[in-house]
Amino acid sequence: MLVKCGKYSIPIVFQDKFTVIIHKPWGLASQKGANISVPDILGQFFLYQKTHSSSSRDVVLPYESVTKGAYVGLVHRLDRCVSGLMIIAKNSRAARHLTDAIKTQCAIEKTYLALVYGHMVSKEWKKYDNSMVNEKGKELPVSLSAKCLGHFSNHTSLVKVQLITGRKRQIRAQLSYLGHPILGDFKFGAPSTTNGLK
């Protein structure tokens, strides 16, 4: 089942009367912000004509219902350059429960895969505690666990990451600090040349 969002076709992985879980594609913003000119999930997810049958219309809210006061809320976000599963709450009660579950990590675990520069050593889970400065200049503690799933001959590694804290751009910043910037992430230290990588 797909929903159109601008030029993007967004797969719906799961849905019920409380939530929609979608697979956000790379290049699509989670939410509108400064200097973001691409379509965003929150603003446009319900704007375009659904491509699935009308028998499912009671499961996914049309955009018109959103503008008339129906609740639609993101309980977490993914950077524009990240693809993956996102949960959208259909009412405030669902949003509260989902947000609490993510914060306490009691029912929802956020796991990421990243292709990084360099051969990361640890093939077992290892916790990394650092600090980063947010956009307001405040220094905040950040923690994540990571392990290397494999090395490649082009001097890259596939890394699995679990967030312990959830700061904006945390994974990108921490992996860069550890000497393993994400492939193509020039803002956080990736080489400006791909050295033949594709």
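Residues numbered from 1 in each chain as written. Predicted model: local features only at pLDDT ≥ 70, side-chain atom pairs only at ≥ 80, totals over all residues. Heavy atoms only, no water.

With respect to the confidence of the model for the chain
Stage number 1. Of the residues in the chain, 73% reach a pLDDT of 70 or more, and the chain-wide mean stands at 77.
Stage number 2. pLDDT under 50 marks residues 48–67. Its contacts with residues more than four places away, or in other chains, come to 33 contacts. (pLDDT = per-residue confidence, 0-100. Contact = heavy atoms within 4.5 Å.)

Details of the side chain of Gln170
Stage number 1. Mapped onto the elements of the fold, Gln170 is located in helix H4 (residues 170–177).
Stage number 2. At 2.9 Å, the side chain of Gln170 and the side chain of Thr165 are in polar contact.
Stage number 3. Within the structure, the side chain of Gln170 is placed 3.0 Å from the backbone nitrogen of Arg167, a separation counted as a polar contact.
Stage number 4. In contact with Gln170, not counting residues within four places along its chain, are Met132, Val142, Ser143, Leu144, Leu163 and Thr165. (Helix = DSSP H or I, 4+ residues; strand = E, 2+ residues; numbered from the N terminus. Polar contact = N/O pair within 3.5 Å; in protein donor to acceptor, adjacent residues only side chain to side chain.)

Thoughts on the pattern of salt bridges
Stage number 1. This structure, assessed with the given rule, holds five salt bridges.
Stage number 2. The partner of Asp79 in a salt bridge is Arg172, and the shortest N-O contact between them spans 3.1 Å. You can see Asp79 sitting in the loop between strand E4 (73–74) and strand E5 (84–89) and its partner Arg172 sitting in helix H4, a full 93 residues away along the chain.
Stage number 3. By relative accessible area, which is 21% here, Asp79 ends up partly exposed.
Stage number 4. Residue Arg172 is classed as buried on the basis of its relative accessible area, which comes to 11%.
Stage number 5. Of the charged contacts in the structure, one is a salt bridge between Asp129 and Lys127, with a shortest N-O distance of 3.8 Å. (Salt bridge = Lys/Arg side-chain N within 4 Å of Asp/Glu carboxyl O. Buried < 20%, exposed > 50% of the residue type's maximum accessible area, 1.4 Å probe, protein only.)

Quick notes on a nonpolar patch on the surface
Stage number 1. Among the surface-exposed residues, Val13, Phe14 and Leu85 lie close enough to one another that they form a single nonpolar patch of about 280 Å² accessible area.
Stage number 2. Counting through the fold element by element, Phe14 comes out in strand E2 (residues 8–15).
Stage number 3. Assessed through its relative accessible area of 40%, Phe14 is described here as partly exposed. (Patch = residues over 30% accessible without salt bridge, like charges linked within 9 Å, V, L, I, M, F, W, Y side chains within 5 Å. Areas by Shrake-Rupley, 256 points an atom, 1.4 Å probe, with all protein chains shown as cover.)

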